[in-house]
Amino acid sequence: MRRTLVLAGLALIVAGCASQPRGGSSGGSPSPQTSKGGGYYQNDGPPDDEDIDIDAIPDAVPRDEPPSRYGNPASYEALGKTYYVLPSAAGFTQTGRASWYGKQFHGRRTSSGEPYNMFKMTAAHKRLPVPSYVRVTNLDNGKHVIVRVNDRGPFHDGRIIDLSYVAARRLDVVAHGSVPVRIETVTPASLKAEKRAADRGTQVADATPPLRSQPSYSSNVRAPAAAPARATPAANTPGRAIQVANRTNAAPAGPSTSNRSEGTLYLQTGAFGNPTNAQRLNRRLQNAGFAQVRVVKSDGATPIYRVQLGPYPDERSRALNRQILREQGFSAQEVDR
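Residues numbered from 1 in each chain as written. Predicted model: local features only at pLDDT ≥ 70, side-chain atom pairs only at ≥ 80, totals over all residues. Heavy atoms only, no water.

Tracing the backbone through its elements, the reader meets Arg148 in strand β10 (residues 144-151). The class of Arg148 is buried, set by a relative accessible area of 15%. With residues near it in sequence (within four places) discarded, Arg148 still touches Ala60, Glu65, Glu114, Met121, Thr122, Ala123, Pro131, Ser132 and Tyr133. (Helix = DSSP H or I, 4+ residues; strand = E, 2+ residues; numbered from the N terminus. Buried < 20%, exposed > 50% of the residue type's maximum accessible area, 1.4 Å probe, protein only. Contact = heavy atoms within 4.5 Å.)

Spelled out as structure tokens, the structure:
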């Protein structure tokens, strides 16, 4: 999962850093161990006492910090690959899988020179400047945290960030070993902008005048006659969208979609007559870090192979994944089963 960091430009090995070997893609990797803490390698894992009030541990607070003296070479090599450190974290986003590291590396030196503390909201990344701050969102459940990047790694195929133990617990990563995530850099300025936008939305909502109540009439006063109903255009009039149900025998529309049963919310990224094309898209999505992807075959003499993701626990999680899919160049249509 994590490997010794070699600073190529300085030809200097950061001795004792937290990114020591913990498995990887090369031969001879240790077998993952399993416990109530999920999957991990060798002697790594959660602390001996897991009775921790995770919700009491706050997110990392972004600050404007100078680059670390250590851990920021122009490039470095690890496991035969060359990595180039970004000159700036501004506007950086990435989608992939997140893993975590715990007690085996607690107290060891990170690439920044700071000791690794599994009880702080920190993380390791291969290319982001050290230190920098990112918001990490679990694409399976919509949970998110802000962590401070102060280490290098993970040097494991398909993984983009290594989280500290407490950050992984907050995102429900520990129980699974790794999960699909989206990361995006945050700064004090970006957080202030988010707060201003949220405040403006609240002010607009507060300023919206309430609907005027209809005048009441006493029993001996005749109410004005209702105006004749205006004819409405036909449902298939050009220029008017026609609503199409996503499932057969759908229940009548209710006042809100928040009451839908769990396990009915999906996203569809493609439909093919050729199963090979559907499987190809399935692999592309999984390689991009998306989980819960499946190919659904329809009944009939000419079956259709639909590539779908889900189910999602709520509309917010589905909407977030739909946005991520489109940003990654995939189509995404909401479907209910």
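What follows is about the pattern of salt bridges. The final tally for this structure, using the stated rule, is 14 salt bridges. Here Glu184 ties to Arg182 by a salt bridge, and the two come within 3.8 Å at their closest N and O atoms. Each member of the salt-bridge network shares a partner with another, and the members are Glu315, Arg318, Arg322, Glu334 and Asp336. (Salt bridge = Lys/Arg side-chain N within 4 Å of Asp/Glu carboxyl O.)

Let us look at the pairing of strand β13 (residues 265-272). The side chains of a regular strand alternate, residue by residue, between the two faces of the sheet. Burial analysis of β13 places six of its eight residues in the buried class, which makes it a mostly covered element. For β13 and strand β16 (residues 333-336), the ladder comprises four bridges, and the chain directions are antiparallel. Each bridged residue has a counterpart across the sheet, and for Leu265 the counterpart in β16 is Asp336. By the bridge criterion, five bridges tie β13 to strand β15 (residues 305-309) in an arrangement that is antiparallel. (Pairing = 2+ DSSP bridges.)

The subject of this paragraph is helix α4 (residues 315-327). Look at α4: 18 Å from first C-alpha to last across 13 residues, which is about the 18 Å you get at 1.5 Å a residue. Among the residues making up α4, those that are buried are Ser317, Arg318, Leu320, Asn321, Ile324 and Leu325. Across the axial projection of α4, the buried residues extend over an arc of 160°, all falling on one side. The opening residue of α4 is Asp314, an N-cap whose side-chain oxygen sits 3.3 Å from the backbone nitrogen of Arg316. Phi turns positive one or two residues past the end of α4, at Gly329, with a value near 90°. (Expected span 1.5 Å × (residues − 1). Arc of directions from axis to C-beta. Polar contact = N/O pair within 3.5 Å; in protein donor to acceptor, adjacent residues only side chain to side chain.)

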